[in-house]
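Spelled out from the first residue to the last, the chains are:
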Amino acid sequence: MNARILLLALFLPVAALAQGFAGLGQETEGFTLPDPDRDLTFPVDHGAHPDFRTEWWYVTAALTGADGRDYGVQWTLFRSSLAPGGPQVWMAHLGVTTPDAHVSGERLGHDETGQAGVSVAPFEAWLDDWHLVSDDDGIGDLRLEARTAEAGYELTLRAEGPIVLHGENGYSVKSASGQASRYYSQPFYTVTGTLHLPSGPVEVTGQGWLDREWSSQFLEADQAGWDWFSLHFEDGARLMAFVLRGDEPFRYASWIAPDGTTTPYYGNALSAEPMGVAEVEGRDVPVRWRLRLPQRGLDVTVAAVNAQSWQDTLFPYWEGPVRAEGSHPGRGYLEMTGYE
Amino acid sequence: MNRAALGALLAHWRRHPLQLLTLVVGLALATGLWTGVQAINAQARLDYAEAAATLGQDDLPRIEGDLTLADFATLRRAGWPVTPVLDGTPLGMRARVLGIDPFTAPQNGATPDLTDTADLTAFLDGRLVFAAEGTAVPETLPEVRRLPDIAPGLVVADILAAQAILGTEQIDRMLILPEARDDLPPLADLLPGARRVEPEAGGEIGRLTDSFHLNLTAFGLLAFAVGLFIVHAAIGLAFEQRRPLFRTLRALGLPASRLTLLLAAELVAFTLIGGALGIVLGYGMAALLLPNVAATLSGLYGASVAGGLTLAPTWWLSGFAMAGIGLAVAGGQSLWQLARLPVLAPAMPRAWARARLGTLYRQGVGGLVLLAAAVLVAVFGTGLVAGFVCLGALLLGAALLLPPILSAVLALGARRAKGALTQWLWADTQQQLPGLSLALMALLLALAANVGVGTMVGSFRATFTGWLDQRLAAELYVRATDEAQATELRAFLDGRVDAILPIVGTETSLEGAPGDLYGQPDHSTFRENWPLLDSVPEVWDRLATGEGALINEQLARRTGNWSGAEVDLGAGERREVLGVYSDYGNPRGQAILTLDAFHAAVPDVPETRFALRVAPAEVPALAEAISARFDLPAEGLVDQASLKGFSLDIFEQTFAVTAALNVLTLLVAGFALWASLTTLGTMRLPQVAPVWALGLTRRGLALADLARALILAAFTAVLAIPTGVALAWVLLAVVNVQAFGWRLPLLADPGGWAVLSLWAVVAAALAAALPVWRLWRMPPAQLVQVFAHER
Amino acid sequence: MLLRTRNVDKSYETAGGRQPVLSDVSFDLAAGETLALTGESGSGKSTLLHLLAGLDTPDRGTIEVEGTDIAAQDDAGRARLRRGTVGLIFQQFNLIPSLDVRNNLTFHARLAGRDPGDVDALAGRLGLSDHLRRYPEQLSGGQQQRVAIGRTLLASPRLVLADEPTGNLDEATGDAMIALMREMVRETGAALLMVTHSARLAAQLDRRLHLRAGRLAEGAPA
């Protein structure tokens, strides 16, 4: 059995282009849709929501090594429900970025074999030996471990602020016609640990971000991809912003004050302009952006630490650490999908 | 100009339809045998590759033990890159169910198409399984999707679905994928009961079947060579006969280059026609033989091959390529000669024959060199390839030596002959030799292959039957489902039989490779019958005391440890080899201890299998009593007679294909001889007519021609027998040892050889029949024409 | 009479219907006599020669050699006649290519069961002494023709039939060969019938027959 073909089946169905990036714009019949009136409850909502088609646990961290260099780490566990009430298929991604290299990794699994899953008490999200684990049912203190034959990491994540809800009470609209997800983050992690690089281990420290999102239809059929930013500013504020590229771009930003107070901004409140592209794996990818949120006085240039932060996975995408300069200097992560 | 010239050239074939038939049939036969064999090989290879890939166990180390999916998860979560496999045959089903995990199975495996989410969902849910076309699947299974890429006889299901179908919570093994890191936690800490098993060196199925396929390919090439002889003869004749026409055409202003081009186009046309016919023929042959091949491979090696053919472009393209190459070789020479030969060169058969003297000398030297090379390779070479190189050198050397030897014999005959007629017969036969030598070489090869393979099969059969008689000494073999039933069974049998001999065994590692360790009681059944090739003195007494072990020939050959040496028997510890027994048909190593020594070495193996000694007459009644009294598993009760029958069946199937190819090769050689004699018959008229004019009857001439064919065939057969025996020796003593790990004694079969020689003579008589009959019935006016033509 | 030919007709089937080749041919030839048969190309000379040699049978009429009618013989009878009684010298020699000169010379005699006698002496007279171990294709046309003549002479047939036997020889050698043949015919009491184009050669023989369009005319052509 060829897992590549299998994966394409999961995430890139035949009419992938008409269904948004990675099949996230598929029909929803039989799946539960996000309910804006339901409050998120923890720790239950840290766990899986199998009635929804797709879900992820997404960790990024912009790090500095003991050697003074910039590093970046990504770890994602995807859950995909093949059919309402049907088999749950799991996929994990790993990304390790240095200023001059990027290592990506990928694992697949099926929860009925015990290979993958998420438990709530204590919290653990795992696929094989890649896992994000807590000693209790919270996500305030986490250990993250994953490695491939090339590279890996062992990190400790300690939250120094509250969980934040995006959109309206964690109901995040993704298009003008109402596609939406449930979406919350823990953007206040301080991260310490070790990166295992081909050249040897490096002690690192930095700031981390956990995204939790689930839905049955993220994208409108015409939305081909997105550009997603998570930034930690030096003044303690955080920004999550995304642009869904479609016939009409759909823009959203969450301004997170240092105390966790979150303000949503829609539409033209946010402006994101590509400032420069790099050729990555034979395609042009904008790795330098100007990001403006005038209502917050934000006007920064966001640039990739390593322009070649390419996740060479079944559906490939760009994901890597960035530095922001301008009105709000800071660091963070950029994810760009759907660039063909 | 082209059209007129082409018309003139092609008119030749209208006037000589037999030659046209010879050419096309020869080419078709050559291509057909080649493509047929290629098709069989390609299909069988494809099938094993699929089987190996589907199982993913061809070259991967694996973890074995009492395993469940929880153990799989444990290993995965500790970082071990393993994938689970469940492999079993459900009750009442002939197909094997193979459970795999699509997410972790090796990427190079056979690929059921799960691109459609609905299919993937159904597969994971157990609502969809995959199987090859023609695999019998009971209706109790969910939807079966037929896929040509899956190994025949296999049903591929999700591991969970397979567990449900097979009614088990277990998995059979886990394959360790190549990407394993080296800092993984030790297996013993994670799963104390499990063990890691390394893949067998070389891949057992691959090694065994390779020999079978090399064998087939050798036959294919041989058949092709024989076919080429035919084509060569026909093309050469057509060029020779049209030489006056070529002369005329060129005199009329057709440029030589254009003529050559036209003739080359003609050759291409023949390639396409003959090649296409040959491919159809080959396909037909392969379709007929493949079921036998499939039976052979599954019976002997446990390799699964479908009885159906797929029309792979590789082999039909190779068919056309071979046809083209063949015609290029056969026709290129003639074209080249045409371009070089003076237009007015007269036909001088004797001059040609004399020019061949140099060729004969070179052939003789070449043949001797090849034979010497064959001997050297046989003595110093190692490996299967060396075995086949030796075979090839032997056959080619013998074929090359045939014309010089025949020529010498005929020259001697001509010198010794008393009467004018006999002298002419010998001398004329010698003169015909160049025209017939290709066909005779083909006949030699076909006969030698027949003698060789026949002798090998005969030796194999005799040895194998004798060995079966020895190994299957007990009259009845019974297997209980569990220990409790075994105890009951023993109580039941006590007093009903002469002896109950428990058979216990376990898989273990023998000298580092997987093998089987058995325990057997000390009993006269074994002492009197067990076939020992080599042993220390007092072998049975020493074994009975619990010391040492017996090992099979395969293990002895592989490790080079014979009687007196020590071997590492894994669970059975290091022990002295007390004896080596022959163990045909088993690719694995095997060792035998006494029952007590076995139990001491390997605890907790229950005695559930028994060999029963009982008077043969009482076997049916006892078998009935046992099966009436006990609920035994399928194949739980086997009597010696049917076990022997089964074993012999497998054996017969193994060589059915070889035998069929033997007959086909002989037929092709016969056809070559017929074609050569028929064409020579027409060419030789100017040489025969004067003898007739000097007072010989047509009948006498015809009988002389027949005698000539018989003399040549008889001498060829006489030379083929030593060649064939040498071939058999190489097969038995070199190829077999390399391929199977056992050596068989060569048993001479003079009766068979005599019969075969007779067949060769009969074939020659049949081949000569038409030209002889034509000469016999030839109107005198036609013979007179030979003289009249001279005006 | 050694050879008695009466009312012989022979025709061949051709694309244009039956073509008569010989019509009502009658003549005799006595022992010791030599006869020249002349005629233009296509007049039927070779056909007549082949009928006399027993290679073919006439459609009508009788050919008696030493009192035996060839037409009445079966295959084996005619073969016996060719072997023992008739000696045929072909225009194109028709030697046995697989035998050397010595064996070619003695071939017919041995086939007829006769002792070939002194081969070396004859080879000397034929100028072939140096070529006895050679094979026909190693000889010139003239040498081959001499072997063919020698082969027939060594077989001592009663009736020698020769088809342009000196066609490949120069005039002097040709004359010598004719002389040799006449001498041996005389010695053995045999008869010689020779087909020739050459009036000069014909004049050296006792009698002459002329064929015109399949019919016989005694004497020189008009």
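Residues numbered from 1 in each chain as written. Chains lettered and ligands numbered in written order. Predicted model: local features only at pLDDT ≥ 70, side-chain atom pairs only at ≥ 80, totals over all residues.

Looking at the overall build of chain C
Helix and strand counts for chain C come out as seven helices and ten strands. Expressed as a percentage of its 222 residues, the buried residues of chain C come to 50%. Here the analysis covers contacts within chain C between residues at least 6 apart in sequence; of these, 69% occur between residues at least 24 apart. (Helix = DSSP H or I, 4+ residues; strand = E, 2+ residues; numbered from the N terminus. Buried ≥ 20, exposed ≤ 12 C-beta atoms within 10 Å, placed from the backbone. Contact = placed C-beta atoms within 7 Å.)

Thoughts on the overall build of chain A
Across its full length, chain A holds one helix and 23 strands. Out of the 340 residues belonging to chain A, those deemed buried represent 54%.

Observations concerning the packing of helix H3 (residues 101-111) of chain C against helix H5 (residues 141-154) of chain C
All names here are of chain C. Viewed as axis vectors pointing N to C, H3 and H5 meet at an angle of 35 degrees, and their least axial separation amounts to 6 Å. In the packing of H3 onto H5, the handedness of the crossing is right-handed. Taking contact as the criterion, the partners of Val101, Asn104, Leu105, Thr106, Phe107, His108 and Ala109 in H3 are, on H5, Val147, Gly150, Arg151, Thr152 and Leu154. Looking at side-chain class alone, the contact of H3 with H5 contains six nonpolar, five polar and one charged residues. (Axes fitted to C-alpha atoms, helices over the stretch in contact; angles between N-to-C directions. Left-handed = near helix turned anticlockwise from the far one by under 90°. Nonpolar A, V, L, I, M, F, W, Y, C, P; charged D, E, K, R; others polar.)

Focus: the confidence of the model for chain A
Averaged over all residues, the pLDDT of chain A is 87; the fraction at 70 or higher stands at 90%. Across residues 1-23 of chain A, confidence stays below pLDDT 50; counting only partners more than four residues off in sequence or on other chains, it has 61 contacts. (pLDDT = per-residue confidence, 0-100.)

Describing the interface of chain B and chain C
Listed by partner, the interface residues are 29 residues for chain B and 29 residues for chain C. When contributions to the side of chain B that touches chain C are tallied by element, the ones reaching two or more residues are helix H11 (349-380), helix H13 (420-471), helix H21 (685-693), helix H22 (698-740) and helix H24 (780-788) of chain B. Of the residues that constitute the side of chain B that touches chain C, the class distribution is 17 nonpolar, seven polar and five charged.

Details of the nonpolar core
Within the largest apolar cluster, 175 residues are counted, with the highest numbers of intra-cluster contacts made by Leu443(B) and Leu444(B). Ignoring anything within four residues of it in the chain, the contact list for Leu444(B) reads Ala398(B), Ala399(B), Leu402(B), Thr716(B), Leu719(B), Ala720(B) and Thr723(B). Membership of the second largest hydrophobic core comes to 124 residues, among which are Leu108(A), Phe229(A), Leu239(A) and Ala162(B). (Core = buried A, V, L, I, M, F, W, Y, C linked by C-beta atoms within 7 Å.)

A closer look at helix H4 (residues 117-125) of chain B
Inspection of H4(B) places Thr117(B), Leu120(B), Ala122(B), Phe123(B) and Leu124(B) among the buried residues, and these make up the whole buried set. Just downstream of H4(B), Gly126(B) is the residue with a positive phi angle, here 80 degrees.

Points about the pairing of strand S7 (residues 159-163) of chain C
Residues and elements named next belong to chain C. With five of five residues buried, S7 is to be regarded as a mostly interior element. As defined by bridge partners, strand S6 (residues 86-89) adjoins S7 across four bridges and the pair is classed as parallel. Counterpart to isoleucine 89 in the pairing with S7 is alanine 162. The sheet contact formed by S7 and strand S8 (residues 191-195) spans five bridges and is parallel. Across the sheet, the residue bridging to leucine 159 is alanine 191, located in S8. A crossover links S7 with its parallel partner S8, the connecting element being helix H6 (residues 171-188), and its sense is right-handed. (Pairing = 2+ DSSP bridges. Right-handed = clockwise from strand over helix to strand, strands pointing away.)

Notes on the environment of Asp163(C)
All names here are of chain C. Summarising the element assignment, aspartate 163 is placed in strand S7. Among the residues examined, aspartate 163 registers 24 C-beta atoms within 10 Å and is labelled buried. Here the alpha-carbon distance between aspartate 163 and leucine 193, two residues 30 residues apart in the chain, equals 8.6 Å.

Concerning the pairing of strand S9 (residues 476-479) of chain B
All names here are of chain B. Here S9 shows one buried face, formed by Leu476 and Val478, and one open face, formed by Tyr477 and Arg479. Pairing between S9 and strand S17 (residues 609-613): four bridges, direction antiparallel. Along S17, the bridge assignment pairs valine 478 with phenylalanine 610. Both S9 and strand S18 (residues 637-639) contribute to a ladder of three bridges, which runs antiparallel. Its bridge partner lying in S18, valine 478 is registered against leucine 637.

Comments concerning the sheet that holds strand S7 (residues 170-176) of chain B
All names here are of chain B. Pairing in this open sheet of eight strands is mixed, and the strands run S5-S4-S6-S3-S2-S7-S1-S8 from one edge to the other. At either end of the open sheet lies a strand with only one pairing partner, and these are strand S5 (143-146) and strand S8 (195-197). Put simply, the sheet's adjacent strands are angled 30 degrees from each other on average, direction ignored. The sheet strands contacting helix H3 (residues 69-77) are strand S1 (62-68), strand S2 (82-88) and S7, and the helix crosses S2 at an angle near 160 degrees.

Examining the sheet that holds strand S5 (residues 68-69) of chain C
Residues and elements named next belong to chain C. The strand order S2-S1-S4-S5 describes an open sheet built from four strands, whose pairing is antiparallel. In this open sheet, the two strands that pair with only one neighbour each are strand S2 (17-29) and S5. Note that strand S1 (residues 3-14) and S2 share nine bridges and pair antiparallel. Its bridge partner being in S2, serine 11 is matched across the sheet by proline 20.

With respect to the environment of Ala8(B)
Residues and elements named next belong to chain B. Examined against the element boundaries, alanine 8 turns out to sit in helix H1 (residues 2-15). Among the residues examined, alanine 8 registers 17 C-beta atoms within 10 Å and is labelled partly exposed. When the C-alpha atoms of alanine 8 and phenylalanine 246 are compared, they prove to be 9.5 Å apart, with 238 residues separating the residues in sequence. Not counting residues up to four positions away in its chain, the partners in contact with alanine 8 are Leu245 and Leu249.

Thoughts on unusual backbone geometry
With omega at 10 degrees, the peptide bond leading from Phe42(A) into Pro43(A) counts as cis. Relative to the elements of secondary structure, Pro43(A) occurs in the loop between helix H1 (3-11) and strand S1 (54-65). The backbone phi angle of Glu538(B) is positive, close to 55 degrees, even though this residue is not glycine. Mapped onto the elements of the fold, Glu538(B) is located in the loop between strand S12 (532-535) and helix H16 (539-544).

Brief notes about the environment of Leu77(A)
Residues and elements named next belong to chain A. Here leucine 77 is to be found in strand S2 (residues 70-81). Leucine 77 gets classed as buried once you count the C-beta atoms within 10 Å, which come to 26. When the C-alpha positions of leucine 77 and tryptophan 130 are compared, they lie 9.2 Å apart, and in sequence the two are 53 residues distant. If sequence neighbours within four positions are ignored, leucine 77 has contacts with Trp56, Trp57, Trp90, Ala92, Ala125 and Leu127.

Things to note about the packing of H5(C) against H6(C)
All names here are of chain C. Close contact between H5 and H6 brings their axes to 11 Å; oriented N to C, the two are set at 5 degrees. Judged by the angle between their axes, H5 and H6 are roughly parallel. Taking contact as the criterion, the partners of Gly142, Arg146, Ile149 and Leu153 in H5 are, on H6, Thr173, Met177, Met181 and Met184. Split by residue class, the contact of H5 with H6 holds five nonpolar, two polar and one charged. (Parallel < 35°, antiparallel > 145°, perpendicular 65-115°, else oblique.)

Observations regarding helix H1 (residues 45-52) of chain C
A turn of α-helix holds 3.6 residues, and therefore any two residues three or four places apart point the same way. Residue and element names in this part refer to chain C. Most of H1 is tucked away: eight of the eight residues are buried. Among all positions in H1, only Lys45, Ser46, Thr47, Leu48, Leu49, His50, Leu51 and Leu52 are buried. Positioned one or two residues after H1, glycine 54 has a phi angle of 80 degrees, which is positive.

Observations concerning the confidence of the model for chain C
For chain C, per-residue confidence averages 86 on the pLDDT scale, and residues scoring 70 or more make up 98% of the total. Here the complex is predicted with pTM 0.58, and the ipTM for its interfaces comes to 0.88.

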